[in-house]
Amino acid sequence: MPAQAKEAKVEASTSRQASPPLTERQEARRRRILHASAQLASRGGFDAVQMREVAESSQVALGTLYRYFPSKIHLLVATMQDQLEHMHGTLRKKPPTGDTAAERVAETLMRAFRALQREPHLADAMVRALTFADRSVSPEVDQVSRQTTVIILDAMGLENPGPEQLSAVRVIEHTWHSALITWLSGRASIAQVKIDIETVCRLIDLTDPAAQG
């Protein structure tokens, strides 16, 4: 696997290593906060996630919550990364079955999309947070991007994706996130999302050096 792909996987799995590692107790507290955020968002969407309520639900002091997540946007973007990480674990237990890399990635992304579809309020809250995120939230946004990249690379199942394939992965990632936004806003049906995802995933086969040869 080339340096770019290895780097994406390493960064996704060590996304919090830039800061001092959390103790077991701190990690448990962080898990409670993310769970509370997801629960509140699932019930009432973006507006339902209020920092004071998150603190109360996760049994942490409000000041402690702000030390972990400086704002609601930071919290919800981190919640999306956590949800994607959970999806990735589920996908690994039942890998896609398509014959080509393009088919496997399309299947994977549609499975992830349908998981979000089952929690529309949560999906809307997380996507709105990504949309509102400014530069201060860049580390959290980068974690979401890296996690999505790793999910796509795993579905491809290629040991040595080349530069053009990695570029295709980025375009697919952008399309998937855009599809979420258009579906959540009512501007695209699930059927249209599926067509768009399958179409953009063809870039993988088009950029496969073996196919070109």
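Let me sum up the structure you'll find in this document. In this text the structure is predicted, and so the values were computed from the model without any measurement.

Considering the overall build of the protein chain
A count of helical and extended segments in the protein chain gives 11 helices and zero strands. In the protein chain, the succession of helices and strands from N to C terminus is α-α-α-α-α-α-α-α-α-α-α. Sequence separation of at least 24 residues holds for 73% of the intrachain contacts in the protein chain that already meet a minimum separation of 6. Per element, the accessible surface of the protein chain, about 11200 Å² overall, is 51% carbon and sulfur.

Considering the packing of helix 5 (residues 72-93) against helix 6 (residues 101-117)
Following both chains from N to C, one finds helix 5 and helix 6 inclined at 130°, their axes separated by 11 Å at the closest point. In terms of orientation, helix 5 and helix 6 fall into the oblique class. Where helix 5 crosses over helix 6, the two elements pack in a sense that is right-handed. Where helix 5 abuts helix 6, its residues Met87, Thr90 and Leu91 lie against Thr108, Arg111, Ala112, Ala115 and Leu116. In terms of residue class, the contact of helix 5 with helix 6 is built from five nonpolar, two polar and one charged.

Some remarks on the nonpolar core
Formed by 59 residues in total, the largest nonpolar core has its most connected members in Val105, Trp176 and Cys201. Ignoring any residue separated from it by four or fewer positions in sequence, one finds Cys201 in contact with Ala102, Val105, Ala106, Leu109 and Ile172.

Observations concerning the packing of aromatic side chains
A full pass over the atoms with the stated rule returns two aromatic pairs. Between the aromatic rings of Phe46 and Phe132, the centroid separation amounts to 5.6 Å while the plane-to-plane angle is 80°, which identifies the pairing as edge-to-face. Of the two residues, Phe46 is situated in the loop between helix 2 (24-44) and helix 3 (51-58) and Phe132 in helix 7 (residues 120-132); the sequence distance between them amounts to 86 residues. A cation over an aromatic ring shows up here: Lys72 above the ring of Phe46, its NZ or CZ 3.9 Å from the ring centre.

Quick notes on the pattern of salt bridges
In the structure shown here, the tally under the stated rule is five salt bridges. Put simply, Asp124 and Arg128 hold a salt bridge, and the shortest N to O gap is 3.9 Å. Here Asp124 pairs with Arg128, and both are found in helix 7, just four residues apart, close to one helical turn. For Asp124, a relative accessible area of 23% corresponds to the partly exposed category. Since its relative accessible area comes to 29%, Arg128 is described here as partly exposed.

Overview of unusual backbone geometry
Of note, Gln59 is a non-glycine position whose phi angle comes to about 60°, a positive value. Position of Gln59 relative to the elements: it lies in the loop between helix 3 and helix 4 (62-68). Look at Gln59 and you get exposed, because its relative accessible area is 67%.

Concerning the environment of Glu119
Along the chain, Glu119 turns up in the loop between helix 6 and helix 7. Given the relative accessible area of 35%, Glu119 is considered partly exposed. Separated by 77 residues in sequence, Glu119 and Ser42 place their C-alpha atoms 6.1 Å apart.

Quick notes on the side chain of Glu140
Here Glu140 shows up in helix 8 (residues 138-156). Arg30 is the oppositely charged side chain nearest to the buried, salt-bridge-free Glu140, at an N-O distance of 7.3 Å. If we ignore the near neighbours within four places in the chain, the residues touching Glu140 are His74 and Val77.

The rules behind the values
Residues numbered from 1 in each chain as written. Predicted model: local features only at pLDDT ≥ 70, side-chain atom pairs only at ≥ 80, totals over all residues. Heavy atoms only, no water. Helix = DSSP H or I, 4+ residues; strand = E, 2+ residues; numbered from the N terminus. Contact = heavy atoms within 4.5 Å. Areas by Shrake-Rupley, 256 points an atom, 1.4 Å probe, with all protein chains shown as cover. Axes fitted to C-alpha atoms, helices over the stretch in contact; angles between N-to-C directions. Parallel < 35°, antiparallel > 145°, perpendicular 65-115°, else oblique. Left-handed = near helix turned anticlockwise from the far one by under 90°. Nonpolar A, V, L, I, M, F, W, Y, C, P; charged D, E, K, R; others polar. Core = buried A, V, L, I, M, F, W, Y, C linked by side-chain atoms within 4.5 Å. Buried < 20%, exposed > 50% of the residue type's maximum accessible area, 1.4 Å probe, protein only. Phe/Tyr/Trp six-rings, centres within 6.5 Å; stacked < 30°, edge-to-face > 60°. Lys NZ or Arg CZ within 6 Å of the ring centre and 35° of its normal. Salt bridge = Lys/Arg side-chain N within 4 Å of Asp/Glu carboxyl O. Lys, Arg positive; Asp, Glu negative; His and termini not counted.

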